[in-house]
Amino acid sequence: MALQIKNNGPEDGDDEREYYGSSWQESTTAREPSESEEPEFNPEAEFDTFKVPKGVAREEKQYTTFMDPEYHKVESNKPEENSAKVYIKAIITLVVLAIIGFGIKTIFFPTPKDLTAAASLSKEDLAAKYKIKFKRDEAMDKYIPKWIKDSSVLEAETGKGLTVFSINGQYCGFHIDTKRYTAFGLSTGMLYDEIPSKMTFKYEDYLNVMNDALGGISTADYYYNETTNECLVITINDNTAKIAAITYTNNFDLFVENLSY
């Protein structure tokens, strides 16, 4: 408790004052504080919010802490899809993938067409059956393995990777040098050693002739049947020992008329 000493009374011209300890203090009820004086210190207000001095720019940023409720927000589990719908979606996906795979195989890796049955067809029937439009191709004349007389004229025509040829205007057969076609169990790229076990052409004998159809690096085997006057010529690449071309002719006598054997 403060020691209070009171004078006997104010003298003339003096304000009424109270004396506390060794100093004078005006009564709090004497007047209101002026606007220039600092407001009273409020601990709760001062420590809850940091006040930026006037005239000082402050960049405001938002931070997420482990105490932030948003950090621990967990989404509610979505309801599981009906098992039937999942099954249907899986089936549709497989069907789409199968269609895409089939399309790629058809375009880039088509299934070879077997021309064995075409051996008995005319050029017109062969073109109609396989929907091929043949055009004259002089560059292919020299690739047909033949031993015809100098006076004979061979003309080759091509279409969709297949070559047919005529001698003196008479259709005589076809020539294969791509994987798009097969004939008599054989295809280009097949190893020479596989020929005896896979070839289905009925022949009576054969001839082995050095051939320059591939620039001097090939050998041609003539498998012929004099009874039917047919011949199957298989051109082998000497460097790879693989079939480079397959040639069928329905006129063996004309095909080798300039060959002594």
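Model, not experiment: these values are computed from the prediction.

(A) Up close: the pairing of strand 11 (residues 218–225). Across the eight residues of strand 11, eight count as buried, placing the element largely inside the fold. A two-sided burial pattern is seen for strand 11, the buried positions comprising Ser218, Ala220, Tyr222 and Tyr224 on one face and Thr219, Asp221, Tyr223 and Asn225 on the other. Remark: four residues form the turn of the hairpin made by strand 11 and strand 12 (residues 230–237), two consecutive strands paired antiparallel; Asn229 in that turn has positive phi of roughly 60 degrees.

(B) Looking closely at the pairing of strand 6 (residues 154–159). Two strands pair when backbone bridges link them, and strand 5 (residues 135–136) and strand 6 are joined in this way by two bridges, in the antiparallel orientation. Residue Arg136 lies in a different strand from strand 6, and its bridge partner there is Glu157. Here strand 6 pairs with strand 7 (residues 162–167) via six bridges, running antiparallel. Residue pairing in the sheet places Glu155 in a bridge with Ser166 of strand 7.

(C) Structural detail: the nonpolar core. One finds Leu162, Phe174 and Leu186 to be the most contacted residues of the largest nonpolar core, which totals 28 residues. Counting 18 residues, the second largest nonpolar core, distinct from the first, contains Ile144, Leu154, Val209 and Leu254.

(D) Representation of a negative patch on the surface. Side chains of Glu204, Asp205, Glu226 and Asp253 sit close together on the surface and give a patch of like negative charge. Among the secondary structure elements, Glu226 is positioned in the loop between strand 11 and strand 12. Among the residues examined, Glu226 registers a relative accessible area of 48% and is labelled partly exposed.

(E) Here's a closer look at the packing of aromatic side chains. The final tally for this structure, using the stated rule, is seven aromatic pairs. Each residue in the set Phe174, Phe184, Phe201 and Tyr248 is aromatic and connected to the rest through ring pairs, giving one cluster.

Here is what the cut-offs are and how they apply
- Residues numbered from 1 in each chain as written.
- Predicted model: local features only at pLDDT ≥ 70, side-chain atom pairs only at ≥ 80, totals over all residues.
- Heavy atoms only, no water.
- Buried < 20%, exposed > 50% of the residue type's maximum accessible area, 1.4 Å probe, protein only.
- Helix = DSSP H or I, 4+ residues; strand = E, 2+ residues; numbered from the N terminus.
- Pairing = 2+ DSSP bridges.
- Core = buried A, V, L, I, M, F, W, Y, C linked by side-chain atoms within 4.5 Å.
- Patch = residues over 30% accessible without salt bridge, like charges linked within 9 Å, V, L, I, M, F, W, Y side chains within 5 Å.
- Areas by Shrake-Rupley, 256 points an atom, 1.4 Å probe, with all protein chains shown as cover.
- Salt bridge = Lys/Arg side-chain N within 4 Å of Asp/Glu carboxyl O.
- Lys, Arg positive; Asp, Glu negative; His and termini not counted.
- Charge placed at Lys NZ, Arg CZ, Asp CG, Glu CD.
- Phe/Tyr/Trp six-rings, centres within 6.5 Å; stacked < 30°, edge-to-face > 60°.

Geometric descriptors of this kind do not, in isolation, establish any biological role.
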